[in-house]
Structures are given as structure tokens and as C-alpha cells.
Amino acid sequence: MRVLSKRLECAIGLVTPGHAVLDVGCDHAYAAAELVSRGTAPCAVASDVNRGPLKKAAETIAEAGLTDRITTVLANGIPDVYADYTGEWPVTVLLCGMGGILIRQILEEASEKGFRFAELVLSPQRDQDAVRAWLAANGYGITEECFLREDGKPYVMIKAMNTGKISTLTEAELHFGPVLLRKKDAGLKEQLERRLAELQKIRGSISKETERNRIRDGELEAEETLLKTALDLLQG
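Below: a short report on this structure. Note that the structure is predicted; figures quoted are calculated from it, not measured. (Residues numbered from 1 in each chain as written. Predicted model: local features only at pLDDT ≥ 70, side-chain atom pairs only at ≥ 80, totals over all residues. Heavy atoms only, no water.)

Quick notes on the pattern of salt bridges
Taken as a whole, this structure holds 16 salt bridges when the rule is applied. Residue Lys113 is joined to Asp80 by a salt bridge in which the shortest nitrogen-to-oxygen separation is 2.7 Å. Highlighted residues: Lys113 in the loop between helix H5 (100-112) and strand E5 (119-124) and Asp80 in the loop between strand E3 (70-74) and helix H4 (83-86), separated in sequence by 33 residues. A salt bridge links Glu211 to Arg214; the shortest N-O distance between them is 3.1 Å. With Glu211 and Arg214 both in helix H10 (residues 211-235), this residue pair falls 3 residues apart, about one helical turn. A residue is classified by how much of its surface remains accessible, and Arg214, at 40% relative accessible area, is partly exposed. By sharing partners, the salt bridges in this structure join Arg203, Asp217, Glu224 and Lys228 into a single network. (Salt bridge = Lys/Arg side-chain N within 4 Å of Asp/Glu carboxyl O. Helix = DSSP H or I, 4+ residues; strand = E, 2+ residues; numbered from the N terminus. Buried < 20%, exposed > 50% of the residue type's maximum accessible area, 1.4 Å probe, protein only.)

Put into C-alpha cells, the structure is as follows:
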């Protein structure tokens, strides 16, 4: 039995049962294979921009005996032909293991083609604010978020549903997550406390004698204020 990473298990757990899965940037297609083999998803499409990972994905799928239910597609971003394989099932898109700017770009390009999906499960490794801002502006409501640490690094998973309603998020919600703040997530709180202590130490060591340093200190002060706002919400 394959041992899955905490991140992959979390992503799999966020997918709504009965949805077809579109695993974009699938790497070895472990997520697609697990979701279909567990019966969570009736079928899946595993896509990647590179042939090497897609070959590995095909091997994973064949080993699991799922070649009749999971299709591999070479594509940059969302495959134009995905609906040929997902049929009438509602679709969950998985975008994990990449930066937030790239995730936003992939979603925006899909939107420009008229694609909308029932559900998105995203794991931006950075620039989470860019992803959340895009979701809010494009009618996807964030319904769940998970904070976890793996190999000493923090990760966030975001689940968003197609509501068709434009929403507005505060600066703290954009950077740290409306659901995580509402849940008063202990892991996020610890992470922000750690970053705040680090910021305060850095600010204490910066000389204010040069314009460059004063600008840098101002940037750090703005981040410190945002962290304190988020921590007030987490502790309230």
C-alpha cells in the first residue's frame, strides 16, 4: 500500500464524493488514482505539461488497474478536452504543488475559455492572497481551508465551490484565509506568532539612517500590523 503525504491525503479528503476529478499538474497521478480507487470519484483526468511526469502517471494508473477510468492528457493548464472524459459528472479541479501566481493564471485562462467547475481544491505554495482574491472576484466561495506542516514546512489547502457570487475579503482574509481565521486554527496561529517574533527581531536590528532602510522598515511594519490583526482574530 502506498503511503501518501499529509498534503495529498488532505487534498483527497477535500474532494466531494461523486465528482469527477481533473488533476492538473498531476505528476505521478497519485491523487487521481487514490480518488478513483477509493470510490470517491467515478472517473478522472490526469494532465501535465511535461511528457515525463505524464508517463509516470500512466504507469501509476496502469498499476492500479484504472486505465478505463482515468485518462492522461498532455496539456498546459486545463485541458480543452477534459469534458470528453468527465461527461455529465460535476468536476473538481485539483491544483497542488505550484505557486499561487501560476494557479491564478491557469484558472484565469480556463475562465477566459468559458470553463467553470463545481469545485476547486488548491494548494498554493506561496502568493495565497492572489489565489483567494481571484476566487472571490470570480464567483468561487471558499468553504474549507486546512493548515498543516510537513517536513517542517507550512502548507495550506483551499476548497472553493462555484457559487457564481462575487465576494470581498479583508486583507487578513486574503493572506491568511477566511475559514482558517474563523476556525481560529491553532497551526496558523503558531505560524503567525513565529513570523511576528521574527519580524520584530529584524526591525530591531535595522538602522533607520538610510532611506533604503527606512523604506524596508516601513514594509516590515505593514506586515507586522497585518499579522497582529490576524492574531487578534485567531485569539478573539
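Now that the structure is up, let's keep going.
Remarks on the layout of surface pockets
Computed from the structure, the largest pocket encloses a volume of approximately 550 Å³. Along the walls of the largest pocket sit 22 residues, with Gln128, His175, Phe176, Gln191 and Leu192 positioned nearest its centre. Secondary structure elements with two or more residues in the lining of the largest pocket: E5, helix H6 (128-137), strand E7 (153-162), helix H7 (171-176), helix H9 (186-205) and H10. Take the lining of the largest pocket: its biggest share by element is 6 residues, from H9. Approximately 440 Å³ is the volume attributed to the second largest pocket. Lining of the second largest pocket is provided by 21 residues; of these, Ser5, Leu8, Asp27, Cys96 and Gly97 occupy positions nearest its centre. Counting only elements with at least two residues in the lining of the second largest pocket, the list comes to helix H1 (6-14), strand E1 (20-24), helix H2 (30-37), strand E4 (91-98) and E7. (1 Å grid on protein atoms, 1.4 Å probe; cavity = no way out; pocket = protein on both sides within 12 Å on 5 of 7 lines; lining within 4 Å. Points joined across faces, edges and corners; volume = space filled by probe spheres on them.)

Side note on the packing of H9 against H10
Interaxial distance between H9 and H10 falls to 10 Å at its minimum, and their mutual angle equals 150°. Classed by the angle they form, the pair H9 and H10 counts as roughly antiparallel. Of the two elements, H9 crosses H10, and the hand of that crossing is left-handed. For the pair H9 and H10, the contacting residues are Leu188, Lys189, Leu192, Glu193, Arg195, Leu196, Leu199, Gln200, Ile202 and Arg203 in the first and Asp217, Leu220, Glu221, Glu223, Glu224, Leu227, Lys228, Ala230, Leu231, Leu234 and Gln235 in the second. Each residue belonging to the contact of H9 with H10 can be placed in one class, and the counts come to 10 nonpolar, 2 polar and 9 charged. (Axes fitted to C-alpha atoms, helices over the stretch in contact; angles between N-to-C directions. Parallel < 35°, antiparallel > 145°, perpendicular 65-115°, else oblique. Left-handed = near helix turned anticlockwise from the far one by under 90°. Contact = heavy atoms within 4.5 Å. Nonpolar A, V, L, I, M, F, W, Y, C, P; charged D, E, K, R; others polar.)

Here we look at the sheet that holds E1
With mixed pairing, 7 strands are arranged side by side in an open sheet as E3-E2-E1-E4-E5-E7-E6. Of all the strands in the sheet, the pair left with one neighbour each is E3 and strand E6 (140-150). Neighbour to neighbour, the strand axes of the sheet diverge by 15° on average, direction disregarded. Summarising the sheet, E5 and E7 pair through 4 bridges and their orientation is antiparallel. In the strand pairing of E7, Leu120 is matched with Ala160. Docked against the sheet, helix H3 (residues 51-63) engages strand E2 (44-48) and E3, running at close to 170° with respect to E3. (Pairing = 2+ DSSP bridges.)

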